[in-house]
Structures are given as structure tokens and as C-alpha cells.
Amino acid sequence: MKSIDNGIAIFRDISVHLTGFTSMELTGTGMLETYYHVMVNKNNLGVVEDFLAAAAKILAENSKDPAKLRSAILNNLMPDGLYSGLAQNIITMWYLGSWVNEIISPQSYVQGMIWSVANAHPPGAKQPGFASWNVAPPQL
């Protein structure tokens, strides 16, 4: 791998496209470095390097055309047989805070992006605030 900083930047950038959240939203969870290190430590390093190299190439070659970018990610990173399912596991990690059904940390549970999508909060970990019961739930 060229450098860990470059790896984290590629991981962040491809995570944006895999999850649909902005770089600011993902970085704002405070989990970027933790999740990057989980991905590196729970997989074969060669697979991770190949995945990040392919992701960097796709991002560089298709950044000006969103349709081409989505297609390239779908066809080159998402198939189950490629990179040991790394793309799917990255999505699950950001949404659920787990890696292959193993919760990464108490903080990863709290910061799971699923709570944002569901307009909810993680029970027992991050309460909605005083008098929140007085506000109607958002319309779906």
C-alpha cells in the first residue's frame, strides 16, 4: 500500500459512493479511522490493496460522470466474488457498525448510519433530547 493516509482517503471516498452519505457525514461519525483499520485488519492485505487500487482507479476515471461511476462501482467492486465481498462489508460497517455480524465497538453501534436513515436514535445509547416526545415524528 502506498501510504496509510492515501488508503484512508480512498476508503472515505469510495465509502461515500457505497453508502450514499457525504464525506462530511461519514467523517462526522468519528469512525473513519476505526473502520479503515477494521477493514485492513480483518482481511487479507493483498485483497485490501487490490480493492483500494481498483476503487481509486474507478473514482479517478469516472468522477465527472455519475452514471458511469455508479456503473463502474456496481460492476467492478460489488460482485460477491470480487475482493471477498469487501464492498458489501464496508456498507454494512457504516450502516450497522459491525463487520461480518460482529459489533466493532459500543461507539460503532451509536454511530451507525441506520439511525439517521430511520430517523431514530440508538436505544439506550443516544437519547433524542428533552421534550422530544412533544414533537411529532417526521412524515415518511
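Up top you'll find the structure we're talking about.
Residues numbered from 1 in each chain as written. Predicted model: local features only at pLDDT ≥ 70, side-chain atom pairs only at ≥ 80, totals over all residues. Heavy atoms only, no water.

Applying the stated criterion across every chain yields a total of seven aromatic pairs. Residues phenylalanine 21 and tyrosine 95 carry aromatic rings whose centres are separated by 5.7 Å and whose planes lie at 55° to one another, so their mutual orientation is tilted. Residue phenylalanine 21 is located in the loop between helix 1 (4–19) and helix 2 (23–28), and its partner tyrosine 95 is located in helix 6 (residues 86–96); the two are separated by 74 residues in the primary sequence. The class of tyrosine 95 is partly exposed, set by a relative accessible area of 22%. Seen from their ring centres, phenylalanine 51 and tyrosine 83 are 5.5 Å apart, and the 80° between their planes marks the pair as edge-to-face. Of this pair, phenylalanine 51 sits in helix 4 (residues 45–62) while tyrosine 83 sits in the loop between helix 5 (66–76) and helix 6; the two residues are 32 residues apart in sequence, bridging distant segments of the chain. Classification of phenylalanine 51 as buried rests on a relative accessible area of 0%. Through a chain of ring-to-ring contacts, three or more aromatic side chains come together here, namely Phe11, Tyr35, Tyr36 and Trp94. (Phe/Tyr/Trp six-rings, centres within 6.5 Å; stacked < 30°, edge-to-face > 60°. Helix = DSSP H or I, 4+ residues; strand = E, 2+ residues; numbered from the N terminus. Buried < 20%, exposed > 50% of the residue type's maximum accessible area, 1.4 Å probe, protein only.)

Let us look at the nonpolar core. Counting 33 residues, the largest nonpolar core has Phe11, Met39, Leu77, Ile90 and Trp94 as its most contacted members. Elements that contribute at least two residues to this core include exactly helix 1, helix 3 (32–41), helix 4, helix 5 and helix 6. The element that contributes the greatest number of residues to this core is helix 4, accounting for seven residues. Discounting residues that sit within four places of it in the chain, methionine 39 has contacts with Phe11, Val48, Leu52, Leu86, Ile90 and Trp99. (Core = buried A, V, L, I, M, F, W, Y, C linked by side-chain atoms within 4.5 Å. Contact = heavy atoms within 4.5 Å.)

For the structure on display, the rule yields two salt bridges. For lysine 42, the salt bridge goes to glutamate 102, with nearest N and O atoms at 3.3 Å. Here glutamate 102 lies in strand 2 (residues 102–103) and lysine 42 lies in the loop between helix 3 and helix 4, a separation of 60 residues in the sequence. Overall, the relative accessible area of 43% leaves lysine 42 in the partly exposed class. (Salt bridge = Lys/Arg side-chain N within 4 Å of Asp/Glu carboxyl O.)

Moving on: helix 5. Taken residue by residue, helix 5 has Leu69, Ala72 and Ile73 as its buried positions. Axial view of helix 5: buried residues confined to an arc of 95°, hence all on one face. What points out from helix 5, more than 90 degrees from its buried face, is the exposed set Lys68, Arg70 and Leu74. (Arc of directions from axis to C-beta.)

With that settled, consider the packing of helix 3 against helix 4. Contact geometry for helix 3 and helix 4: axes closest at 8 Å, N-to-C directions at 125°. Relative to helix 4, helix 3 is oriented oblique. Of the residues in helix 4, those in contact with Tyr36, Met39 and Val40 of helix 3 are Leu45, Val48 and Leu52. Per-class residue counts for the contact of helix 3 with helix 4 are six nonpolar, no polar and no charged. (Axes fitted to C-alpha atoms, helices over the stretch in contact; angles between N-to-C directions. Parallel < 35°, antiparallel > 145°, perpendicular 65-115°, else oblique. Nonpolar A, V, L, I, M, F, W, Y, C, P; charged D, E, K, R; others polar.)

The topology assignment puts alanine 53 in helix 4. By relative accessible area, alanine 53 is classed as partly exposed at 49%. Taking C-alpha positions, alanine 53 is 8.9 Å from glycine 7, a pair spaced 46 residues apart along the chain.

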